[in-house]
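Spelled out from the first residue to the last, the chains are:
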Number of protein chains: 2
Amino acid sequence: MAGGQRIKREGSVRYIVGVDLGGSNIVVGTVREDGGEIIGRSLRPTPANEGPDSVVATINEMISGSIAETRDRKGGTVELAGVGIGSPGPVDIKSGTVLLSPNLGWRNFPLLDRIADATDLPTTLDNDANCAVLGEVWLGAARNANIVIGVTVGTGIGGAVVIDGKPFRGASDVAGEFGHMTIDSTGRRCKCGNYGCLEAYASGPAIASRAIESIRAGERSAVADYVDGDLSLITAETVYRAAGDGDILAVEVVRDTARFLGAGLANLLNAFNPDLVLVCGGVTKAGDRLFVPLRNEIKKRAFSPAVEACEIVPGELPELAGVYGAVASFRIQRGESL
Amino acid sequence: MAGGQRIKREGSVRYIVGVDLGGSNIVVGTVREDGGEIIGRSLRPTPANEGPDSVVATINEMISGSIAETRDRKGGTVELAGVGIGSPGPVDIKSGTVLLSPNLGWRNFPLLDRIADATDLPTTLDNDANCAVLGEVWLGAARNANIVIGVTVGTGIGGAVVIDGKPFRGASDVAGEFGHMTIDSTGRRCKCGNYGCLEAYASGPAIASRAIESIRAGERSAVADYVDGDLSLITAETVYRAAGDGDILAVEVVRDTARFLGAGLANLLNAFNPDLVLVCGGVTKAGDRLFVPLRNEIKKRAFSPAVEACEIVPGELPELAGVYGAVASFRIQRGESL
């Protein structure tokens, strides 16, 4: 009512910049507030080894570039509402601090301030797994679900819980840390120091290791041919490709992965009784060779009313879920509904 | 505003009957709406072997008795708002049906209707673990917590999630089924058919079995003396008593239980990031001999920001949490806040 209140121009739409900071790559894009358009997309390797200043400078350059392209396409007066950032590691959302990111080598790093100082735009920070899952909730595979458990399988295993379109963050913003769920309390040592964590069995590196160990132990497999015999070059991606081509060892490794991941996801079905479990990350490239045994394992292990209520699906937006989700998180943190 | 609207008498308070139906006992009491008073308490063995009609008749007699005593004490015009029931097994809250209760031998049993028909009062049904935890949230150890994970350790292991004073029920009312969480995917067979469920390690019967197995294998222990050498009489309670008296084997069994339970609870800390974990049931009788190693195991296994945010405490209302919680659930299902 007050005279000073800002009036939204009739017909104007806002644009929000999304930043998906990963251990390997940074992806940036400017997204129309309804998610219907993305402008000024770019991807660059994360210069993690050059230290945080270099990472911040790269992000800020990418944001400027994306904003410039958006102004270019939409006119100089286009309304830029702000910047949403997704970052690895537990983050403190209120202060905008990355608490700990082993892949970036950061501890208590004030990422939000460092970006906001350069752009002079309202800025929010969220965890990368929250963002990836929020992106799928907003515009992807989880659009119609109310209780969503998302698991991101990559170098590590992350996760997020989204209830009625909002991240469930827990008492100190770290809910959804599914990678270090014990599925075998006397089992394989995890790099976190414990034994039997899901991540020690079903992460990308764990998948690669199992293939390498088997080949070293004398199993014949086409996996070795994909890397010209240099086993040290085998990654989870190699295994997924070989599995897609029907290689017996690779298919077996994927099936084992499905069993471990299935035990972990069954625990989440029993605990949260979600209507959708979203599996994101490179592992989804294995397609049905992963999802068929995965669904079977979950069915075998979880409580049947929880199984009947729940779909298990791959993410639909592997490349852009993080950017869209950073924008979704910005909107949610500003009190909007998706 | 309409003339027909019922006017609450000034100064009048409502009373609600709570029913805690268990596999072994039924407990009933009439509770003042603020939880400040309980009248007409009774406890009877559950006549599960005589079939559901007999169980229903017993509950209805106990309700009538409790109401009669309440009228006696508070005057015939006391306002009785209704009946809240807690029952084992997954329940369908909307239809008031007990979907499955192996201990009672029930499947799809319309318990709510059978009670409401007799009392002619508004009636609600909820799961017993939800009720036990809601009772502690309303009036016991979880009074001041926002995100509460409750685990009930008895013949089976049940659980509940209460967020901001309301049960988090999931997509089909079965959230919180922690007993069949896999903590050792290749481990001990559970009676559910799977391998490595928490319940196969940390439930009452699992605790008794471990003590019995060790004594049969030749370990010396005072546990056998508590049952005059008849090992078949050893229960979890015997083990807790002997542990309290310092028996080495019993202390070891309790410590092992703490390790298994700790692995399970650490998973829940990582997933939900609660501010309180409530451990209910007979197992809490082992006191510090359980809770000290339990907290250590959780600290070792869970993500440290989740550990720092969370207290691990025993329930405060072992005998009445179920009755109070059935009343709390009644109030919540009628749209009230606790």
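Structure's up top.
Residues numbered from 1 in each chain as written. Chains lettered and ligands numbered in written order. Predicted model: local features only at pLDDT ≥ 70, side-chain atom pairs only at ≥ 80, totals over all residues. Heavy atoms only, no water.

Caption draft 1: Just the overall build of chain A, in detail. Secondary structure assignment for chain A yields 11 helices and 13 strands. In terms of overall dimensions, chain A is globule-like: its C-alpha atoms have a radius of gyration of 21 Å, near the 20 Å expected for 338 residues. Counting all 338 residues of chain A, 61% fall into the buried class. If you sum the accessible surface of chain A, you get close to 14100 Å²; carbon and sulfur atoms cover 47% of it. (Helix = DSSP H or I, 4+ residues; strand = E, 2+ residues; numbered from the N terminus. Rg over C-alpha atoms; globule rule 2.2 N^0.38 Å. Buried < 20%, exposed > 50% of the residue type's maximum accessible area, 1.4 Å probe, protein only. Areas by Shrake-Rupley, 256 points an atom, 1.4 Å probe, with all protein chains shown as cover.)

Caption draft 2: Inspection of the side chain of T58(B) at higher detail. Residues and elements named next belong to chain B. Looking at where T58 falls in the secondary structure, it is placed in helix α1 (residues 52-74). T58 sits in the buried class, given a relative accessible area of 10%. Sequence-distant contacts of T58, that is, excluding residues within four places in its chain, are made with I26, R44 and P47. (Contact = heavy atoms within 4.5 Å.)

Caption draft 3: A look at the pattern of salt bridges. Residue and element names in this part refer to chain A. If you walk through the whole model with that rule in mind, you get 34 salt bridges over all chains. The partner of D126 in a salt bridge is R169, and the shortest N-O contact between them spans 2.9 Å. Of this pair, D126 sits in strand β8 (residues 123-127) while R169 sits in the loop between β11 (166-167) and α4 (199-202), placing them 43 residues apart in sequence. The exposure classification of D126 matches that of R169, with both residues buried. (Salt bridge = Lys/Arg side-chain N within 4 Å of Asp/Glu carboxyl O.)

Caption draft 4: Highlighting the relation of the copies chain B and chain A. By a simple turn and slide, chain B fits onto chain A: the slide is 0.0 Å along the axis, the RMSD is 0.0 Å, and the turn is 180°. Accordingly, the operation relating the two chain copies is best matched by a two-fold axis. Residue D184(B) of chain B places its C-alpha closer to the rotation axis than any other residue of that unit, at 1.9 Å. Interface overlap between copies: 100% of the residues of chain B at the interface are likewise at the interface in chain A, consistent with a symmetric, same-surface contact. (Least-squares fit on C-alpha atoms with pLDDT ≥ 70 in both.)

Caption draft 5: Seen up close, the sheet that holds strand β10 (residues 157-163) of chain A. A sheet is described by the order of its strands in space; here five strands give the open sequence β11-β10-β9-β12-β13 (chain A), paired in mixed fashion. At either margin of the open sheet sits one strand with a lone partner, and together these are β11 and β13 (311-314) of chain A. (Pairing = 2+ DSSP bridges.)

Caption draft 6: How the structure looks around the interface of chain B and chain A. If you look at the interface, chain B gives 40 residues, while chain A gives 40 residues. Contact between chain B and chain A buries roughly 3100 Å² in total, counting both sides, with carbon and sulfur atoms accounting for 54%. Of all residues in chain B, the largest losses of buried area upon contact with chain A belong to N273(B), R301(B) and F303(B), amounting jointly to 18% of the total for that side. Connecting chain B to chain A are zero salt bridges. (Buried area = accessible area lost by both parts, 1.4 Å probe.)

Caption draft 7: Seen up close, the packing of helix α8 (residues 248-272) of chain A against helix α8 (residues 248-272) of chain B. At a minimum axis separation of 12 Å, α8(A) and α8(B) run at an interaxial angle of 75°. Between α8(A) and α8(B), the interaxial angle falls into the category roughly perpendicular. Facing α8(A), whose interface residues are N267(A), L268(A), A271(A) and F272(A), α8(B) presents N267(B), L268(B), A271(B) and F272(B). Grouping the amino acids of the contact of α8(A) with α8(B) by side-chain chemistry returns six nonpolar, two polar and no charged. (Axes fitted to C-alpha atoms, helices over the stretch in contact; angles between N-to-C directions. Parallel < 35°, antiparallel > 145°, perpendicular 65-115°, else oblique. Nonpolar A, V, L, I, M, F, W, Y, C, P; charged D, E, K, R; others polar.)

Caption draft 8: Representation of the packing of α1(B) against helix α2 (residues 111-119) of chain B within the structure. All names here are of chain B. Close contact between α1 and α2 brings their axes to 10 Å; oriented N to C, the two are set at 45°. In this view, α1 runs oblique relative to α2, as classed from their interaxial angle. The two elements α1 and α2 meet at a crossing, and its hand is right-handed. Along its contact with α1, which presents D53, V56, I59, N60 and I63, the element α2 presents L111, R114, I115, A118 and T119. In terms of residue class, the contact of α1 with α2 is built from six nonpolar, two polar and two charged. (Left-handed = near helix turned anticlockwise from the far one by under 90°.)

Caption draft 9: Here's a closer look at the pairing of strand β7 (residues 106-109) of chain A. Residues and elements named next belong to chain A. Judged from the three bridges that link them, strand β6 (residues 97-101) and β7 form a sheet pairing that is antiparallel. By the bridge assignment, S101 is partnered in β7 with W106. Hairpin geometry of β6 and β7 is characterised by an intervening segment of four residues between the two adjacent antiparallel strands and by a positive phi of about 75° at G105.

Any functional reading would require information that these geometric values do not contain.
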